[in-house]
Amino acid sequence: MASVSTPARRAAAGSRRAGFRRAAATDRTRSGGAGWLFATPFLVFFTLFLVVPIGIGLWMSFTDASLTGHGDNTLVGLDNYTEAFGDSQVWQTLGNTVWFTVLTTVPLVLVALAMALLVYTGMPGQWLWRLAFFASHLLPVAVVYQIWSMLFQPDRGMLNGLLKIFGIDGIAWLTDEKYAMWSIALATLWWTVGFNFLLYLAALQAIPDHLYEAAALDGAGAWRRLWSVTLPQLRRTTGLIAVLQVMASLKVFDQIYLLTKGGPNGATRPILEYIYDTGFTNYRLGYASAVSYVFFGLIIILSIAQLKIFSRRED
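Asker: Is there a simple way to explain the overall build of the protein in this structure?
Answerer: For the protein, the count of helices and strands is 13 helices and zero strands. In sequence order, the secondary structure elements of the protein are arranged as α-α-α-α-α-α-α-α-α-α-α-α-α. Looking at the 315 residues of the protein, the share that counts as buried comes to 36%.

Okay, structure coming up:
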């Protein structure tokens, strides 16, 4: 016998649904409160060590703040920014930074891709190759400096020793303006390529096998599968690596400071070293803050442009 809906039953069903909705809303409120509770430690440290310093640095960029404590409360308006845009040292060091970025970004993408493909295609002893390719990325910069400063020695360095075997005169790797930035780029490539290699290897392992099977059934050879299947599937990873590498190269400081200290004749001096020297050697914290915010603005603009370019390519 079919049940007959009555006003009482409809009212009871409606009250049950309303109770379920209230219970769900209560659960969401409770889970949201618990989420904020777990996020509080991070938010506290984020505010204290990022938001507050950013605000203080921005304020200092409009003052004549000095490391000696003189003029901390004197507002100078946009004078620091005007001086920064007219400072030849700012543009020279920014040019050095851009040149380093160009020298390192393309090799760090292509070499990492080649290394990942070699391991992914089934080279014997894959565990050893993976360890060898990634191990250098785990080294601290001080160790990298010690290794490459010995390799670059003009008299007893291994690189010049190899050149002498082929009858080529030794090169002043770190003291010649023509080779200093190339030398730092080579050391940076060896040091940091392992991270990009790991990203590419993970992306290769995520490519579905049926794509290769379909290409093989269509008669595609190894090179055709590489160009038509592998590289298109790696487009997102390549875009990510390119963006990350450009950002990391623009922020270069430590390996250049240790290997050449910006020399010879300022040929390798990056803009971050100029900001450091201005603030902590010349004691002009206000002006150093202004230069740093100009550089920060350029990085933001470049990042947005890169993201738009790669997003258009994916579309």
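Asker: What should I look at first to understand the packing of aromatic side chains in this one?
Answerer: One pair of aromatic rings is described through two measures. These are the centre distance and the angle between the planes. With the rule as written, the count across this model stands at 14 aromatic pairs. On the basis of an interplanar angle of 40° and a centroid distance of 5.6 Å, the ring pair of Trp129 and Phe133 is categorised as tilted. In this pair, Trp129 and Phe133 both sit in helix α4 (residues 126-135), four residues apart, roughly one turn of the helix. Judged by relative accessible area, which is 15%, Phe133 ranks as buried. Ring geometry for Phe152 versus Trp173: centroids 5.8 Å apart, planes at 35°, classification tilted. With Phe152 in the loop between α5 (141-151) and α6 (158-165) and Trp173 in the loop between α6 and α7 (180-205), this residue pair connects regions lying 21 residues apart in the sequence. The class for Phe152 is buried, based on a relative accessible area of 2%. Here a set of aromatic residues connected by ring pairs shows up, and it is made of Trp148, Phe152, Trp173 and Trp190.

Asker: Sorry if this is basic, but what is going on with unusual backbone geometry here?
Answerer: Glycine aside, residues mostly have negative phi angles, and peptide bonds mostly take the trans form. Looking along the chain, the bond that leaves Gly263 and enters Pro264 is cis, with omega of -5°. As for its placement among the helices and strands, Pro264 is situated in the loop between α11 (254-259) and α12 (271-281). Backbone geometry at Asn265 places phi at a positive 55°, although glycine is not the residue there. Along the polypeptide, Asn265 turns up in the loop between α11 and α12.

Asker: Please clarify how the packing of helix α3 (residues 88-120) against α7 should be interpreted in this entry.
Answerer: Any two packed helices are characterised by the angle at which their axes cross and by the distance between the axes. At a minimum axis separation of 6 Å, α3 and α7 run at an interaxial angle of 40°. Classified by the interaxial angle, the pair formed by α3 and α7 is oblique. Crossing of α3 against α7: the hand is right-handed. Looking at the contact of α3 with α7 residue by residue, the class counts come to 24 nonpolar, six polar and no charged.

Asker: Is there a simple way to think about the pattern of salt bridges in this case?
Answerer: Close approach of charged atoms lets side chains of opposite charge pair. All told, the structure shown has two salt bridges when counted by the stated rule. Residue Arg284 pairs with Glu83 through a salt bridge whose shortest N-O separation is 3.0 Å. Taken together, the residues span a long stretch of sequence, with Arg284 in the loop between α12 and α13 (285-314) and Glu83 in helix α2 (residues 79-85) at a distance of 201 residues. The exposure class of Arg284 is partly exposed, given its relative accessible area of 35%.

Asker: Any chance you could explain the side chain of Ser136 here in plain terms?
Answerer: Locating Ser136 in the fold gives a position in the loop between α4 and α5. Within the local environment of Ser136, its side chain forms a polar contact with the backbone oxygen of Trp190, the two atoms lying 2.8 Å apart.

Asker: Please clarify how the packing of helix α8 (residues 209-217) against helix α9 (residues 222-233) should be interpreted in this entry.
Answerer: The geometry of α8 relative to α9 is characterised by a closest axis approach of 10 Å and an angle of 160° between their N-to-C directions. Relative to α9, the element α8 is oriented roughly antiparallel. The interaxial crossing formed by α8 with α9 has right-handed handedness. Contact residues: α8 offers Leu211, Tyr212, Ala215 and Ala216, while α9 offers Arg225, Val229, Thr230 and Gln233.

Reading the values: rules and limits
Starting afresh in each chain, residues are numbered from 1 along the sequence in its written order. The model is predicted, so local features are restricted to residues of pLDDT at least 70 and side-chain atom pairs to those at 80 or more, both for listing and for counting; the totals for chains, interfaces and linings are taken over all residues. Water and hydrogen atoms play no part in the side-chain values, which are based on all heavy atoms of the structure. Strands are runs of DSSP state E lasting at least 2 residues, helices are runs of H or I lasting at least 4, and numbering of each runs from the N terminus. Per-residue accessibility, obtained with a 1.4 Å probe over protein chains only, is compared with the maximum for each type, and a residue is labelled buried under 20%, exposed over 50%, and partly exposed between these values. Stacked, tilted and edge-to-face pairs are distinguished by plane angle, under 30 degrees for stacked and over 60 for edge-to-face with tilted covering the rest, among Phe, Tyr and Trp rings (Trp via its six-membered ring) whose centres lie within 6.5 Å. Interaxial angles span 0 to 180 degrees and are taken between N-to-C directions of axes, which are lines fitted to C-alpha atoms, for helices over the stretch in contact. The cut-offs work like this: below 35 degrees is roughly parallel, past 145 is roughly antiparallel, 65 to 115 is roughly perpendicular, and the gaps in between are oblique. What makes a crossing left-handed is the near helix being turned counterclockwise from the far one by less than a right angle; a clockwise turn instead makes it right-handed. Here the nonpolar group is Ala, Val, Leu, Ile, Met, Phe, Trp, Tyr, Cys and Pro; Asp, Glu, Lys and Arg are the charged ones; every other residue, Gly included, is treated as polar. Throughout this description, the term salt bridge denotes a Lys or Arg side-chain nitrogen within 4 Å of a carboxyl oxygen of Asp or Glu. Polar contacts, as used here, are pairs of N or O atoms within 3.5 Å; protein pairs need one atom able to donate a hydrogen and one able to accept it. Residues neighboring in sequence count only if both atoms are side-chain atoms. By definition, residues are in contact when any of their heavy atoms lie within 4.5 Å.

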